[in-house]
Amino acid sequence: MKKKLAVLVGALTISTAVGLGLSQSDQAASASENNKQPTLSSEDITSIVNEQYEGEITDFELDRDDNQTHYEVEVINDDEEYDLEIDAETGEIIKENVEKFQLENKQETNKNSNVDSSNFIGDQKAKEIALEQFSGKVVGFELDEDDSKYVYEIEVREGNKEADFEIDAVTGDVLEMDIETDDDDRFDD
């Protein structure tokens with residue numbers, strides 16, 4: 001009986017040791033997989049994006065979710081902002097979200113179409129005034145009524161900084177300017 005017990009205890013000890021060894025081996029392989037560099041570099045992804053999308057890359061990040069490595073890329077042009085998720089192994093675009101800027105501007109213009117805009121400084125001049133204050137790319141623009149006064153609301157981005165302006169539609173005075181810095185790490189690999 002003692003021999004059977006000793007054999008049973010020995011077998012349990014060996015199977016436990018083997019099981020722990022396999023488990024640690026799986027964990028090490030998983031950790032190694034998570035630290036593995038993607039097949040496509042940030043330069044490769046930048047080339048893919050530039051071939052398919054017109055605009056400026058304003059955000060670029062390597063991300064790992066559920067054993068899948070992908071790049072998150074934001075591209076902005078005069079009319080649209082693209083938020084892309086791109087497979088780091090194949091370069092395939094997994095997800096694409098598009099935000100159109102001009103559509104919003106056209107809706108605002110139609111809403112304000114019964115307003116006498118002959119005294120207004122104009123869209124282009126308002127953008128120039130904003131860009132004199134903060135260098136970057138205009139990514140948002142609309143004419144809005146604020147306290148019975150018409151103002152141009154303009155959003156300008158440069159790198160990880162964003163400036164929001166309210167400019168008097170008649171005088172061109174900068175009524176409000178708010179600059180924010182996004183603390184996210186940009187262009188991480």
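None of these values were measured; they are calculated from a predicted model.

Caption draft 1: Structural view of the overall build of the chain. The helix and strand inventory of the chain stands at four helices and eight strands. Each helix (α) and strand (β) of the chain, taken in turn from the N terminus, gives the series α-α-β-β-β-β-α-α-β-β-β-β. Counting all 189 residues of the chain, 32% fall into the buried class. The contacts in the chain between residues at least 6 apart in sequence include a share of 40% that link residues at least 24 apart. For the chain, the computed accessible surface area is about 12200 Å², with 45% contributed by carbon and sulfur atoms.

Caption draft 2: Region of the structure containing the pattern of salt bridges. Considering all chains together, one arrives at five salt bridges under this definition. Asp 168 serves as the salt-bridge partner of Lys 149, at 3.4 Å between the closest nitrogen and oxygen. Of the two residues, Lys 149 sits in strand β6 (residues 149-158) while Asp 168 sits in strand β7 (residues 161-168), which places them 19 residues apart along the sequence.

Caption draft 3: Broad picture of the sheet that holds strand β2 (residues 68-76). Pairing is antiparallel across the open sheet formed by four strands, whose spatial order is β1-β2-β3-β4. Looking at strand neighbours, the two that pair on one side only are β1 (56-65) and β4 (93-100), the edges of this open sheet. Sheet twist, expressed as the mean angle between neighbouring strand axes with direction ignored, is 15 degrees. In terms of strand pairing, β2 meets strand β3 (residues 80-87) through seven bridges, oriented antiparallel. By the bridge assignment, Glu 72 is partnered in β3 with Glu 85. On top of the sheet, helix α2 (residues 42-52) reaches β1, β2, β3 and β4; it is set at about 130 degrees to β1, its chief contact.

Caption draft 4: Layout of helix α4 (residues 123-133). For α4, the full list of buried residues reads Ala 126, Ile 129 and Ala 130. Viewed along the axis of α4, the buried residues span an arc of 95 degrees, placing them on a single side of the element. Of the exposed residues in α4, those oriented more than 90 degrees away from the buried face are Gln 124 and Glu 132.

Caption draft 5: Region of the structure containing the nonpolar core. In this structure, Tyr 152, Ile 154, Val 156, Phe 165 and Ile 167 are the most contacted members of the largest nonpolar core, which totals 16 residues. Only α4, β5 (137-146), β6 and β7 provide two or more residues apiece to this core. By residue number, the principal contributor to this core is β6, which donates four residues. Within the second largest apolar cluster, 15 residues are counted, among which are Ile 45, Tyr 71, Ile 86 and Ala 88.

Caption draft 6: Seen up close, α2. Among the residues making up α2, those that are buried are Ser 42, Ile 45, Ile 48 and Val 49. One side of α2 carries all its buried residues, which in axial view fall inside an arc of 120 degrees. In α2, the exposed positions that point more than 90 degrees away from the buried face belong to Glu 43 and Glu 51.

Caption draft 7: Representation of the confidence of the model for the chain in the model. For the chain, the average pLDDT comes to 77, and 68% of its residues sit at 70 or higher. Helix α3 (residues 102-111) is the least confidently modelled element of the chain, averaging 46 in pLDDT, while α4 averages 93, the highest of any element. Segment residues 28-32 is flagged for pLDDT under 50; beyond a separation of four residues in sequence, or across chains, it makes zero contacts in the model. For the stretch residues 102-110, pLDDT sits under 50, and the model shows eight contacts to residues farther than four places along the chain or on other chains.

Caption draft 8: View of the packing of aromatic side chains. All told, the structure shown has four aromatic pairs when counted by the stated rule. When the ring centre of Phe 141 is taken as reference, the NZ or CZ atom of Lys 127 above it lies at 4.8 Å.

Caption draft 9: Summary view of the pairing of β2. Extensive coverage of β2 is indicated by the burial of seven of its nine residues. Summarising the sheet, β1 and β2 pair through nine bridges and their orientation is antiparallel. When the bridges of β2 are listed, Glu 61 appears paired with Glu 72. The hairpin formed by β1 and β2 contains two residues between the paired strands, and Asp 66 there has a positive phi angle of roughly 45 degrees. Between the end of β2 and the start of β3, which pair antiparallel, lie three residues.

What counts, and where the lines are drawn
- Residues numbered from 1 in each chain as written.
- Predicted model: local features only at pLDDT ≥ 70, side-chain atom pairs only at ≥ 80, totals over all residues.
- Heavy atoms only, no water.
- Helix = DSSP H or I, 4+ residues; strand = E, 2+ residues; numbered from the N terminus.
- Buried < 20%, exposed > 50% of the residue type's maximum accessible area, 1.4 Å probe, protein only.
- Contact = heavy atoms within 4.5 Å.
- Areas by Shrake-Rupley, 256 points an atom, 1.4 Å probe, with all protein chains shown as cover.
- Salt bridge = Lys/Arg side-chain N within 4 Å of Asp/Glu carboxyl O.
- Pairing = 2+ DSSP bridges.
- Axes fitted to C-alpha atoms, helices over the stretch in contact; angles between N-to-C directions.
- Arc of directions from axis to C-beta.
- Core = buried A, V, L, I, M, F, W, Y, C linked by side-chain atoms within 4.5 Å.
- pLDDT = per-residue confidence, 0-100.
- Phe/Tyr/Trp six-rings, centres within 6.5 Å; stacked < 30°, edge-to-face > 60°.
- Lys NZ or Arg CZ within 6 Å of the ring centre and 35° of its normal.

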